[in-house]
Amino acid sequence: MGQLYEQIAAAPGGRVSYADYMNMALYDAQAGYYMRERTKIGRKGDFITNSSFAAVFGKALASFFIRIVERGGLPPAICEWGGGDGRLALAILEEWEKKSPDTYRELSYTIIDQSLFHRQRQRETLRAAADKVEQYDNVSRWLAERGPFSGIVFSNEFFDALPVHVIAKEQGILYECFVAARDGRLVEEKEPLCNLDIARYLAERGLSLAEGQRLEVPLAARSFWLDIGPQFRQAVMVTIDYGYTDEQLRAPARRHGSLRGYFRHRLVPDPLHRPGEMDLTAHVQWDAIRLYARQTGWEEVAFLRQDRFLLAAGLLDEWAVSKSAELFAPPSREDRMLRALVADDGISRFFDVLIGQKGVKLPIPDIWAAPEFLP
């Protein structure tokens, strides 16, 4: 708190945009949440994500990726944006080696992760597959060194952690919200909107706010797509995240915005609470991602809820009902993971999957193990 407060207090007017605050609170080299040497994912961390189910989630992804390579003609090259602790990458690599040893021999796996702590954890987790894995701290450096990429790019909860600006409409006036350092505390302040980039975003997206509505403005995600999206030749992109479509954003229940924190598995509505000690996240605006993907040459293949994706990708092929009397035996644990991923009230109800292609034409029916599950 002390380091972040001093940085904000030293800014012009003693305040910064929410986007700058998120950058500080998440990525500051000393005080940023993602840079801290502490467990963040799983029971001992602050939140549960798909990588917590890596043993089965990774199998389904590996099977899907193998079909894309073998039937879609792509080179066996994977790039994961935001690799976390590396467990999902390990599960994909192990399953790939088992199911397709021929393509595995040619497989390369790149992980992009800004956090030094996470990259260290990945090296520990992936020690047995070190000859297959490269690491970079940002996407731009990877592309600058490797050139235009051909292969499969996938991300799991990458875009929800990108910084966002925050705006609100009160008494017919649009305001931008700021984080200010005042009397030893971080507080929110507003001023009438004068950021032309935010105004441009609202115009190109055709968005208008209802009275009393707050909205996150993902300028970082927009810039990311417009900068990075063109730099691919023949590629398939699989983006997994939680978010809203524009229609969902208009629902009254979502008029208070989605920026919040997670600390020890508890949702924290106030993003200014525990700065640097908790995860900060905002729901992805899916129609924005889809728009900027199209603008940079990507063709949409599918957009569907995660449970439907996993079933269509072949998750049921991994189902093996445990006959073990030992509750925590590995088969029993995997069965519980599978159920959690496909149950109506499971984790997948929060996530969607966007699949795009560029420079290739996937044989759509052939890449799915069970197309009957597609919407």
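Fair warning: this is a prediction, and the values are worked out from it, not measured in the lab. Note that residues are indexed from 1 along each chain, following the sequence as it is written. A pLDDT threshold of at least 70 governs which residues receive local features in this predicted model, and a stricter bar of 80 or more applies before side-chain atom pairs are shown or counted, although totals over entire chains, interfaces and linings include all residues. Calculated side-chain values reflect all of the structure's heavy atoms, with hydrogen atoms and water omitted.

Chemist: Report on the nonpolar core, specifying residues and quantitative values.
Modeler: Take the buried Ala, Val, Leu, Ile, Met, Phe, Trp, Tyr and Cys residues and link them wherever side-chain atoms come within 4.5 Å; each set so joined is a nonpolar core. When accessible area is computed with a 1.4 Å probe and restricted to protein chains, residues below 20% of their type maximum are described as buried, those above 50% as exposed, and intermediate ones as partly exposed. Phe64, Phe65 and Phe309 are the most contacted members of the largest nonpolar core, which totals 51 residues. Note on conventions: DSSP H or I runs of at least 4 residues are helices, E runs of at least 2 residues are strands, and numbering of each starts at the N terminus. The biggest single contributor to this core is helix α3 (residues 54–72), with eleven residues. By the convention used here, residues are in contact when the closest approach between their heavy atoms is within 4.5 Å. The residues contacting Phe309, other than those within four sequence positions of it, are Leu61, Phe64, Leu304, Val353, Ile355 and Trp368. Residues Leu143, Leu202, Trp225 and Leu291 belong to the second largest nonpolar core, which totals 40 residues.

Chemist: Break down the sheet that holds strand β10 (residues 232–241) for me, with residues and values.
Modeler: The mixed open sheet is built from seven strands, whose spatial order is β4-β3-β2-β5-β10-β17-β16. If you trace the sheet from one side to the other, it starts and ends with β4 (133–136) and β16 (299–305), each paired once. In this sheet, adjacent strand axes meet at a mean angle of 15° when their direction is disregarded. Two strands qualify as a pair provided that DSSP identifies no fewer than 2 bridges between them. Note: strand β2 (residues 77–81) against strand β3 (residues 108–112), five bridges, orientation parallel. Each residue of the ladder has a partner; that of Ala77, found in β3, is Ser108. Helix axes are fitted to C-alpha atoms over the stretch in contact, other axes to C-alpha atoms as well, and angles between N-to-C directions run from 0 to 180 degrees. Contacts from helix α4 (residues 87–99) reach β2, β3, β4 and β5 (149–156), with the element oriented near 170° to β3.

Chemist: Any details on the packing of helix α8 (residues 196–205) against helix α11 (residues 286–295)? Residues and values, ideally.
Modeler: The interhelical angle for the contact between α8 and α11, taken along N-to-C directions, is 85°, at an axis separation of 11 Å. It follows that α8 is roughly perpendicular to α11 by the angle criterion. On α11, the residues that touch Tyr201, Glu204 and Arg205 of α8 are Asp287, Ala288, Leu291 and Tyr292. When an angle is under 35 degrees it counts as roughly parallel; over 145 it counts as roughly antiparallel; between 65 and 115 it counts as roughly perpendicular; any other value is oblique.

Chemist: Please give an account of the pairing of β10 that cites residues and values.
Modeler: Burial runs high along β10: eight of the ten residues are buried. For β5 and β10, the ladder comprises seven bridges, and the chain directions are parallel. From the neighbouring strand, Gly151 faces β10, where its bridge partner is Ala235. The pairing of β10 with strand β17 (residues 352–358) spans seven bridges and is antiparallel. Pairing of Ala235 across the sheet is with Lys358, part of β17.

Chemist: Tell me what's going on with the side chain of Ser348, and back it up with residues and numbers.
Modeler: Tracing the chain through its elements places Ser348 in the loop between α13 (330–342) and β17. A polar contact is formed between the side chain of Ser348 and the side chain of Gln306, at a distance of 2.9 Å. Reaching out from Ser348, the side chain makes a polar contact with the backbone oxygen of Leu341 at a distance of 2.6 Å. Not counting residues up to four positions away in its chain, the partners in contact with Ser348 are Arg305, Gln306, Asp307, Leu310, Ala340 and Leu341. Polar contact is the term for a pair of N or O atoms within 3.5 Å; when the atoms are in protein, one must be able to donate a hydrogen and the other to accept it, and sequence-neighboring residues count only if both atoms are side-chain atoms.

Chemist: Now, about the sheet that holds strand β13 (residues 266–268): what can you tell me, with residues and values included?
Modeler: Consider a sheet: its strands pair through backbone hydrogen bonds, and that pairing is either parallel or antiparallel. In spatial order, the strands read β13-β12-β14; together these three strands make up an open sheet with antiparallel pairing. The open sheet terminates on both sides in strands that have one partner only, identified here as β13 and β14 (279–281). Averaged over neighbouring strand pairs, the angle between their axes works out to 30° when direction is ignored. Relative to β13, strand β12 (residues 260–263) runs antiparallel, the two being bridged by three bridges. Across the sheet, residue Gly261 finds its bridge partner in β13, namely Val268.

Chemist: Which residues make up the pattern of salt bridges, and what are the values?
Modeler: Salt bridges are defined by distance alone: a side-chain nitrogen of Lys or Arg within 4 Å of a carboxyl oxygen of Asp or Glu. A full pass over the atoms with the stated rule returns 20 salt bridges. The salt bridge involving Arg290 is made with Asp287; its shortest N-O contact spans 3.4 Å. Taken together, the positions of Arg290 and Asp287, both in helix α11 and three residues apart, correspond to about one turn of that helix. Across the pair Asp307 and Arg305 runs a salt bridge whose closest N-O atoms are separated by 2.5 Å. For Asp307, a relative accessible area of 5% corresponds to the buried category. One continuous salt-bridge network, built from bridges that share partners, spans Arg15, Arg182, Glu189 and Glu191.

Chemist: Account for the side chain of Lys132, naming residues and giving values.
Modeler: Within the secondary structure, Lys132 sits in the loop between α6 (116–125) and β4. Among buried Asp, Glu, Lys and Arg side chains, Lys132 stands out as unpaired, with Asp131 the closest opposite charge at 5.2 Å. A distance of 3.0 Å separates the side chain of Lys132 from the backbone oxygen of Arg105, its partner in a polar contact. Not counting the four nearest positions on each side in its chain, Lys132 is found in contact with Leu93, Tyr104, Arg105, Glu106, Leu107, Ser108 and Tyr109. For the purpose of charge, His is not counted, nor are the chain termini; Lys and Arg are scored as positive and Asp and Glu as negative.

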